[in-house]
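Chains, contacts and geometry: an overview
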Amino acid sequence: MDIFSILMIVVFVVGYAAIALEHPIKVDKAASALLTGVLCWTFYVFGGYQDAHHVELSLLHHVAEIASILFFLMGAMTIVELVDAHEGFSVITDRISTTNKTSLLWVVSFITFFLSAALDNLTTAIVMISLLRKLIKDQETRWLFGGFVIIAANAGGAWSPIGDVTTTMLWIKGQLPDTGAMIIHLIVPSLFTIILPLLFVSLFMKGGKIERPIRVEEEGHYTNPVTSKEKNLVFVLGIGGLLFVPIFKTVTHLPPFMGMMLSLGILWVVTELMHASKNREERKSLSVIGVLQKIDTASVLFFLGILLAVGALQVVGHLATTANFLDTALNKNIYSINIAIGLLSAIVDNVPLVAAAQGMYEILPSGDFAAGGSFWEFLAYCAGTGGSCLIIGSAAGVAVMGLEHISFGWYLKKISPLAFLGYLGGAGAYILMHVL
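All values reported here derive from a predicted model rather than from experimental measurement. Here, residues in each chain are numbered from 1, in the same order as that chain's written sequence. Under the rules for a predicted model, residues below a pLDDT of 70 receive no local features and side-chain atom pairs below 80 are neither given nor counted, while totals for whole chains, interfaces and linings still include all residues. The side-chain quantities take in all heavy atoms of the structure and omit both hydrogens and water.

**Considering the state of the cysteines**
Where we set the bar: Note on disulfides: each one is a pair of cysteine sulfur atoms within 2.5 Å. Each residue is assigned to one of three classes by its accessible area relative to the maximum for its type, calculated with a 1.4 Å probe on protein chains only: buried under 20%, partly exposed between the two thresholds, exposed over 50%.
Considering all chains together, one arrives at 0 disulfides under this definition. Of all cysteine sulfurs in the structure, the one in Cys389 sits closest to Cys382, which takes part in no disulfide; the separation is 10 Å. Its relative accessible area of 0% is what places Cys382 among the buried residues.

The structure is reproduced here in structure tokens:
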């Protein structure tokens, strides 16, 4: 192993440390990821593994794959923000009336589970925390519900091609091309992931009723220019557009981001025509142009940087070496390998882990590593749900941590054992489904 190969590993490890320590060092993880990605490719060039022309071709090949994921995410985030700007999610939240603590926990968890499959786990977590603030006054109780939102959001995203970035990556890059089979094989393990913690907590939960905060209407509530009809229409078109994407890919065989752009384009035209008669200020806040300012661009750049870094490690051969190590250490057991990857995703972001696995293992013509094979399905489950074991292990967890100021220690004590129980239960369910 030469000096530049070693430097690529060092840069990658240091970059990961900077991402994990984002808050203590006060440097956004997107900045660290971009530096890591660019420096890895720079050292690859200096290493002289290929001539400049072939390096450029390798880089452009990876950029094309990365771009399809990023365009997909940007389209999805824009649609969700547009629905939120029209208060479309109140269609769901306004219908929750129960104040029983146990019942509300089950209702919130299952709304989160299925909403995450239609949207994505990060967006769903943000929406549900907003809901919990309207439903629960006590902070400790809200933290408990927030912990279950994290578990349910990650579990719901694992079985849907559009519910989690890692599942989307496996779908787009061809490891899980059959969305129907993916859903059928993964929804039961994912349900175990949330149902087992719910059953355990329901047996020991104290306190019967939830005290709701006093509702204070803001001025915008009375001056909101969106009518009930417009709110419902945008909600239906937005959710319908997201659900349409897998159908579009199946029918046309075009990349998923094309379906997402089609859905966004339709919703864009409808909202422009819908608000054509309103004044300029009202139109701006309810238009795609307006909500584009709310898109989490930093997250998009984070994915770009980390996927570039993983691509560099792939072309230099480090990922193949890691695959051989895992195969040897775990006796080539696909279930053990994926369970280890899932638990590792609680410490390290699951996006680069799945990207690394895609680079480490090739799609084979048949067997567990074939397109739609057990290895890739179980990877989607493990990488999607394993991050719930720590609050920093998933985008949903980090979002809830920031919004509700949940401490790492509190989550580790109260929620992590429940998340671990659900994770192992779901993994066991998947293994039994495929062994028996």
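**So, unusual backbone geometry**
Going by this rule: Counting from the N terminus, the helices are DSSP H or I runs at least four residues long and the strands are E runs at least two residues long.
For Lys26, which is not glycine, the phi dihedral falls at a positive 60°. By secondary structure assignment, the location of Lys26 is in the loop between α2 (22–25) and α3 (29–46). A residue is classified by how much of its surface remains accessible, and Lys26, at 72% relative accessible area, is exposed. The phi dihedral of His253 falls on the positive side, at around 65°, and the residue is not glycine. One can find His253 in the loop between α12 (228–252) and α13 (256–274).

**So, the side chain of Gln358**
Where we set the bar: By the criterion applied in these results, polar contacts are pairs of N or O atoms within 3.5 Å in which, for protein atoms, one can donate a hydrogen and the other can accept it, and in which residues neighboring in sequence qualify only through two side-chain atoms. Contact between two residues is taken to exist if any of their heavy atoms lie within 4.5 Å; hydrogens are not considered.
By secondary structure assignment, the location of Gln358 is in helix α19 (residues 350–360). A polar atom in the side chain of Gln358 sits 3.2 Å from the backbone oxygen of Met169. For Gln358, the contacting residues outside a window of four places in its chain are Met169, Leu170, Lys173, Gln175 and Trp376.

**Topic: the confidence of the model for the protein chain**
Using the following cut-off: Known as pLDDT, the predictor's confidence for each residue is given on a scale from 0 to 100.
Predicted confidence across the protein chain gives a mean pLDDT of 86, with 96% of residues reaching 70 or more. Predicted confidence for residues 216–223 stays below pLDDT 50, and this span has 2 contacts to residues more than four positions away or in other chains.

**Observations concerning the packing of helix α9 (residues 165–172) against α19**
To be explicit about the condition: Lines are fitted to the C-alpha atoms to define the axes, a helix being fitted only along its stretch in contact, and any angle between axes, read from their N-to-C directions, falls within 0 to 180 degrees. Here roughly perpendicular refers to angles of 65 to 115 degrees, roughly parallel to angles under 35, roughly antiparallel to angles over 145, and oblique to all remaining angles. When the near helix sits turned anticlockwise from the far one by under a right angle, the crossing is termed left-handed; a clockwise turn instead gives a right-handed crossing.
Taken N-terminus to C-terminus, the directions of α9 and α19 make an angle of 25°; their axes are 9 Å apart at the nearest point. One element, α9, and the other, α19, form an angle in the roughly parallel class. Handedness of the crossing formed by α9 with α19: right-handed. Contacts between α9 and α19 pair Val165, Thr166, Met169 and Leu170 from the former with Asn350, Val351, Val354, Ala355 and Gln358 from the latter.

**Section: the nonpolar core**
Threshold: What makes a nonpolar core is a set of buried Ala, Val, Leu, Ile, Met, Phe, Trp, Tyr and Cys residues whose side-chain atoms join them at distances within 4.5 Å.
Phe72 and Leu379 are the most contacted members of the largest nonpolar core, which totals 129 residues. Here this core gets 13 residues from one element, more than from any other, and that element is helix α4 (residues 52–85). With sequence-adjacent residues up to four places away left out, Leu379 is seen in contact with Leu170, Asn338, Ile341, Val354, Ala357 and Gly384.

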